[in-house]
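Structure at a glance
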Amino acid sequence: MSTKPKQDGSSNQSPPEIDLFATMALIRAFETRVAELYRDGEIPGFVHTSLGQEAVAAGVGGALREDDYVATTHRGHGHCLAHGMEVDGMMAELFARGEGICHGKGGSMHIADPRRGVLGANAIVGASLPLAVGAALSSKHLGQGRVAVAFFGEGAVNQGAFHEAVNLAAIWNLPALLVCENNVYAEFTDSRTMARVPSVAERAAGYGVEAEIVDGNDVAAVYTLTAEAAARCREGRGPFLIEAETYRWHGHYEGDSQPYKPDAEAASWRERDPLEVSGARLLAGGDADGETLERIRDEAAARVEAAIERARSLPAPDPSEAYADVFGEAEVPA
């Protein structure tokens, strides 16, 4: 049963860590199969996975309300799943089927579900920031109490969009939660070589924005900080930036052989697998046994396989739908 707070804020029960573990297991199963299906030519377009970064998506998603906004990146499957987007609709979308969540027109890099507050994945680096800040401005003016989350990588911090968005969020005191997934590499470049002040949290201070660094491979730590930051935003105390230190296992895109990564570095981060970190804590605390954790992962894998089989059976979009959702039908005043 979901413990995500409702739109009216009536439930603020914290999800037990085993629920966060289950979300990570679903993301891991989904993206593992998506990577394989793309490799085998079943999924068209382009695919970027967040394998190794599941704790950020699950921890943030678990702390949000159902009606909060999320603006994500080209690496956004996990964020969408953690915010409640439906597995069948997402998989059908990646297969470019007409029953996909965006009717087969968005694919992996442009998947969205505005009904759930998911403003969309985006191929433009840093574009999530102005989208989320705009949503936060709307929430403030309408008195909705909704928090708008922008996920972005540390490479986006060198884009003008980051600086403009953060400054506006600060001076307008907006309920914007800025979540930087610092996974060490900006596409193919070691981001530690890209700025004299490599800490994103430190750079946020220049705009008067409070920020904190968190272990992005520890789902409980991410959840706790996000819950505190989101409550702060709802109280009208302005934006907050979270820098989650993590690591992507796969390349920038599926097919990237990653010659720029030292083998020892990659291996050391894999030893800090977010599911293993969480699972070890659950076992040590007596909150789950090995059989339970294995069952959760098996159920996630089965759920994903069912979505794949369903997607394979669905028809492609009808060509007559090519221009649907492109032009609106406006009423012209007499």
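Numbers given to residues run from 1 along each chain, matching the order in which its sequence is written. In keeping with the predicted nature of the model, local features appear solely for residues at pLDDT of at least 70, side-chain atom pairs appear and are counted solely at 80 or more, and the whole-chain, interface and lining totals rest on all residues. Values reported for side chains reflect all heavy atoms of the structure, with hydrogen atoms and water molecules removed beforehand.

So, the overall build of the protein chain
Each helix is a run of DSSP H or I of at least 4 residues and each strand a run of E of at least 2, with the numbering of both proceeding from the N terminus. Looking only at helices and strands, the protein chain has 11 helices and 8 strands in total. Put simply, the radius of gyration uses C-alpha atoms, and a globule should come to 2.2 Å times the residue count raised to 0.38. Here the C-alpha radius of gyration of the protein chain, 19 Å, is about what a compact globule of 334 residues would show, namely 20 Å. Along the first, second and third principal axes, the C-alpha atoms of the protein chain reach 70 × 50 × 45 Å. Evaluated residue by residue, the protein chain yields a buried proportion of 52% over its 334 residues. Per-residue and other accessible areas were derived by the Shrake-Rupley procedure at a 1.4 Å probe size, with only the shown protein chains allowed to occlude residues. Carbon and sulfur atoms form 52% of the exposed surface of the protein chain, whose accessible area is close to 14900 Å². Using a 1.4 Å probe on the protein chains alone, a residue whose accessible area is under 20% of its type maximum counts as buried, one over 50% counts as exposed, and one in between counts as partly exposed.

Examining the sheet that holds strand E1 (residues 69-71)
DSSP-based pairing: two strands are paired if at least 2 bridges between them are found. Spatially, the 6 strands line up as an open sheet ordered E2-E1-E3-E4-E8-E7, and their pairing is parallel. Looking at the sheet topology across the chains shown, the edges are occupied by strand E2 (118-120) and strand E7 (210-215). This sheet shows a mean twist of 20 degrees between the axes of neighbouring strands, independent of strand direction. Direction of pairing for strand E4 (residues 176-182) relative to strand E8 (residues 240-245): parallel, over a ladder of 6 bridges. When the sheet's bridge partners are listed, Val-179 is paired in E8 with Ile-242. Helix axes use the C-alpha atoms of the stretch in contact, all axes being lines fitted to C-alpha atoms, and the angles between their N-to-C directions lie in the range 0 to 180 degrees.

As for the nonpolar core
Remark: nonpolar core denotes a set of buried residues (Ala, Val, Leu, Ile, Met, Phe, Trp, Tyr, Cys) joined through side-chain atoms within 4.5 Å. Phe-30, Ile-43, Met-91 and Ile-111 are the most contacted members of the largest nonpolar core, which totals 43 residues. Residue assignment for this core shows that the elements contributing at least two residues are helix H1 (17-39), helix H2 (54-63), helix H3 (77-82), helix H4 (87-94), helix H8 (219-234), helix H10 (274-284) and helix H11 (290-313). Here this core gets 10 residues from one element, more than from any other, and that element is H1. Each residue touching Met-91, except ones within four places of it in the same chain, is listed here: Phe-30, Val-34, Val-304, Ala-307, Ile-308 and Ala-311. Grouped together as the second largest cluster of nonpolar side chains are 24 residues, Val-133, Ala-156, Ala-165 and Ala-204 included. The contact definition used throughout considers only heavy atoms, calling two residues in contact when any of these lie within 4.5 Å.

Structural notes on H4
Most of H4 is tucked away: 8 of the 8 residues are buried. All buried positions along H4 are accounted for by Val-87, Asp-88, Gly-89, Met-90, Met-91, Ala-92, Glu-93 and Leu-94. Each element contacted by the buried residues of H4 is listed here: H1, H3 and H11. Contacts described as polar in this section are N or O atom pairs within 3.5 Å, which, within protein, must combine one atom able to donate a hydrogen with one able to accept it, while residues neighboring in sequence count only if both atoms come from side chains. Where H4 begins, one side-chain oxygen reaches toward the backbone nitrogen of Asp-88, 2.9 Å away; that side chain belongs to Glu-86. Once H4 finishes, Ala-96 follows within two positions and takes phi at roughly 60 degrees, a positive value.

Comments concerning the environment of Gly-236
Here Gly-236 shows up in the loop between H8 and E8. Owing to a relative accessible area of 40%, Gly-236 belongs among the partly exposed residues under this scheme. Taking the C-alpha atoms as reference points, Gly-236 and Leu-174, 62 residues apart in sequence, are found 7.3 Å from one another.

What about the packing of aromatic side chains?
When the centres of two rings from Phe, Tyr and Trp lie within 6.5 Å, Trp using its six-membered ring, the rings pair. Their planes under 30 degrees apart give stacked, over 60 give edge-to-face, and anything left gives tilted. Under the definition given, this model contains 6 aromatic pairs. An angle of 80 degrees between the planes, with centres 6.4 Å apart, marks the rings of Tyr-38 and Phe-46 as edge-to-face. We classify Tyr-38 as buried; its relative accessible area is 19%. Phe-46 sits in the partly exposed class, given a relative accessible area of 37%. Look at Phe-152 and Phe-162: their rings are 5.7 Å apart centre to centre, the planes differ by 55 degrees, and that puts the pair in the tilted class. Separated by 10 residues along the polypeptide, Phe-152 in strand E3 (residues 148-153) and Phe-162 in helix H6 (residues 160-171) bring together distant segments of the chain. Residue class for Phe-152 comes out buried when judged on its relative accessible area of 2%.

Thoughts on a nonpolar patch on the surface
On the surface, a cluster of nonpolar side chains totalling about 280 Å² of accessible area is made up of Leu-168, Ile-171 and Trp-172. Turning to its location among the elements, Ile-171 is positioned in helix H6. The patches reported here contain residues having more than 30% relative accessible area and no salt bridge. Joining distances are 9 Å for like charges and 5 Å for nonpolar side chains (Val, Leu, Ile, Met, Phe, Trp, Tyr). The salt bridge criterion pairs a side-chain nitrogen of Lys or Arg with a carboxyl oxygen of Asp or Glu, the two atoms within 4 Å.

What about the environment of Glu-187?
Positionally, Glu-187 belongs in the loop between strand E5 (185-186) and strand E6 (189-190). Taking C-alpha positions, Glu-187 is 37 Å from Ala-284, a pair spaced 97 residues apart along the chain. Setting aside residues up to four positions removed in sequence, Glu-187 forms contacts with Arg-248, His-252 and Tyr-260.

Side note on the pattern of salt bridges
Under the counting rule described, the total for this entry stands at 24 salt bridges. Between Arg-310 and Glu-99 there is a salt bridge, with the nearest N and O atoms lying 3.1 Å from each other. With a gap of 211 residues between them, Arg-310 in helix H11 and Glu-99 in the loop between H4 and E2 connect regions that are remote in the sequence. Residues Asp-113 and Arg-116 are paired through a salt bridge, measuring 3.6 Å at the closest nitrogen-oxygen approach. Residue classification places Asp-113 among the buried positions, given a relative accessible area of 3%. The network of salt bridges with common partners includes Glu-17, Asp-218 and Arg-281.

Considerations on the packing of H10 against H11
Each packed pair of helices is defined by two parameters, the angle between the axes and the distance between the axes. As a packed pair, H10 and H11 sit with axes 10 Å apart at the nearest point and diverge in direction by 145 degrees. In the crossing of H10 with H11, the sense of the turn from one axis to the other is right-handed. Of H11, the residues touching H10 (which contributes Leu-275, Glu-276, Gly-279, Leu-282 and Leu-283) are Gly-290, Leu-293 and Arg-297. Each residue is assigned to one of three groups, with Ala, Val, Leu, Ile, Met, Phe, Trp, Tyr, Cys and Pro labelled nonpolar, Asp, Glu, Lys and Arg labelled charged, and all others, Gly among them, labelled polar. Residue composition of the contact of H10 with H11, by class: 4 nonpolar, 2 polar and 2 charged. The hand of a helix crossing depends on one turn: near helix anticlockwise from the far one by less than a right angle means left-handed, and clockwise means right-handed.

What is shown is where atoms sit, not what they do.
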